[in-house]
Amino acid sequence: MRPSAWRTHLPNFDSDGLVEKEQLNTSNGLRWLGYDHLPMRNCSEAVRCRGGLCPRCIRQLRANLLDFLEAERLHLLSWHFVTIRVAGWKVEPGDDRPFGPLSDHPYIYNLKTKFRRMNLPGLVIFGSIETVYNTVANVPAGKPFHLHLMISGASEVEIETAVKATIPPSDDIVPLDIISVPPTDADFFELASYAFKQSLLKRSKIQEADRGAMQPLNAAERRELIGNLGVHGWQQRLILLGIRCDNGPFRLIANLSTPPPRANSPSLRKSALRRSRRVPGRPRS
Ligand SMILES: [Zn+2]
């Protein structure tokens, strides 16, 4: 693939119009809440504010991540897309208090430690902690914090073992959702971009069981989510293992070439077939 071929698979990736509108609305929210909003208001490609709530900076970081994945040809590995819903992580509607630590949350630290101790050759993980402002029939329905991770180099059973040992499951119907990423570039980049998204999101559902549609937050909803997420730096929702992010550029620290793939693990095998098929189940927030 040419560099930045991922963009052909993500035609709606954080458009200029969306980013400009979100930058204005979020900096207005910060001003209302008494924060210094000017660095984000004036953030540009030339002078970055590096704020975790800044749509322009988060777009840049997402693009850096996707550029890196493509340049390192990591899309050719086998991956699982993992959603983890955690006990006690649902913030009630109207509650605007800070959630607390984000990617340095003790559960996430424990999960990464567990994975390291499992000593899986070629293990690579990227993803994020995020939340979403849910409404059902236009009534606020809570803001579940959760994790999305892309994992290569671990089987479904190994992933399940690590998660169950370290993270108490929520009472959702599917607290742990593990999907095999189909071996197409389109599926890989779509799910990779889903694993680290913009910070301030709203999902509007007609009924609880609906998939729902993403919508812009109104001003009050936006301030409530800013309160929950807290003002934080631009890397503070990122979860990485085997990959480093040095204030913008990503690089691989796992050695994916030296250890031979284990015979019983398909995880490191490159996808010989580039079949096009649908993802069996779409991730849900
Ligand atoms: Zn910024």
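Up top is the structure these notes are about.
One structure accompanies this document, and this report is about it.

What counts and what doesn't
Residue numbers restart at each chain and count upward from 1, following the sequence in its written direction. Confidence filtering applies because this is a predicted model: local features only for residues at pLDDT of at least 70, side-chain atom pairs given and counted only at 80 or more, and all residues used for totals across whole chains, interfaces and linings. Per the convention used, a helix needs a DSSP run of H or I reaching at least four residues, while a strand needs a run of E reaching at least two, with both numbered from the N terminus. In this scheme the burial state of a residue depends on its C-beta neighbours within 10 Å: 20 or more other such atoms mean buried, 12 or fewer mean exposed, and anything in between means partly exposed; the C-beta positions come from the backbone. A pair of residues counts as a contact when their C-beta atoms, built from backbone coordinates, are within 7 Å of each other. At least two bridges found by DSSP between two strands is the condition for calling them paired. The term nonpolar core means buried Ala, Val, Leu, Ile, Met, Phe, Trp, Tyr and Cys residues held together as one set by C-beta atoms within 7 Å. For helices, the fitted line uses only the C-alpha atoms of the stretch in contact; every axis is such a line through C-alpha atoms, and the angle between N-to-C directions lies from 0 to 180 degrees.

### So, the overall build of the protein chain
A count of helices and strands for the protein chain gives eight helices and 11 strands. The burial tally for the protein chain puts 35% of its 285 residues in the buried class. Across the protein chain, the fraction of contacts at a sequence separation of at least 24, relative to all contacts at a separation of at least 6, is 77%.

### Things to note about the pairing of strand S7 (residues 202-205)
In the sheet, strand S3 (residues 133-136) pairs with S7 via four bridges, with the strands oriented parallel. Looking at S7, one finds that Thr135 is bridged to Ser204.

### Topic: the sheet that holds strand S8 (residues 213-215)
Read from one edge to the other, the open sheet built from four strands follows the order S4-S3-S7-S8, with strand pairing classed as mixed. Both edges of this open sheet fall to strand S4 (139-140) and S8, since each of them pairs with a single strand only.

### Observations concerning the nonpolar core
Counting 61 residues, the largest nonpolar core has Ile125, Met150 and Ile239 as its most contacted members. With residues near it in sequence (within four places) discarded, Ile125 still touches Phe115, Leu149, Met150, Ile151, Ile239, Leu240, Leu241 and Gly242.

### Details of the sheet that holds strand S6 (residues 176-180)
Strand order in this open sheet of five strands is S6-S1-S5-S2-S9, and the pairing throughout is antiparallel. With one partner strand each, in any of the chains shown, S6 and strand S9 (238-241) form the two edges of the open sheet. Adjacent strand axes in the sheet meet at a mean angle of 15° when their direction is disregarded. Along the sheet, helix H7 (residues 185-195) makes contact with strand S1 (80-91), strand S2 (124-130) and strand S5 (143-152), crossing S5 at roughly 135°.

### Examining the pairing of S5
Most of S5 sits inside the fold, with nine of its 10 residues counted as buried. One ladder, built from eight bridges, connects S1 with S5; its direction is antiparallel. Along S5, the bridge assignment pairs His80 with Ile151. Here S2 pairs with S5 via seven bridges, running antiparallel. Bridge assignment links Ile125 to a residue of S5, and that residue is Ile151.

Bear in mind that shape data such as this cannot, by itself, settle questions of function.
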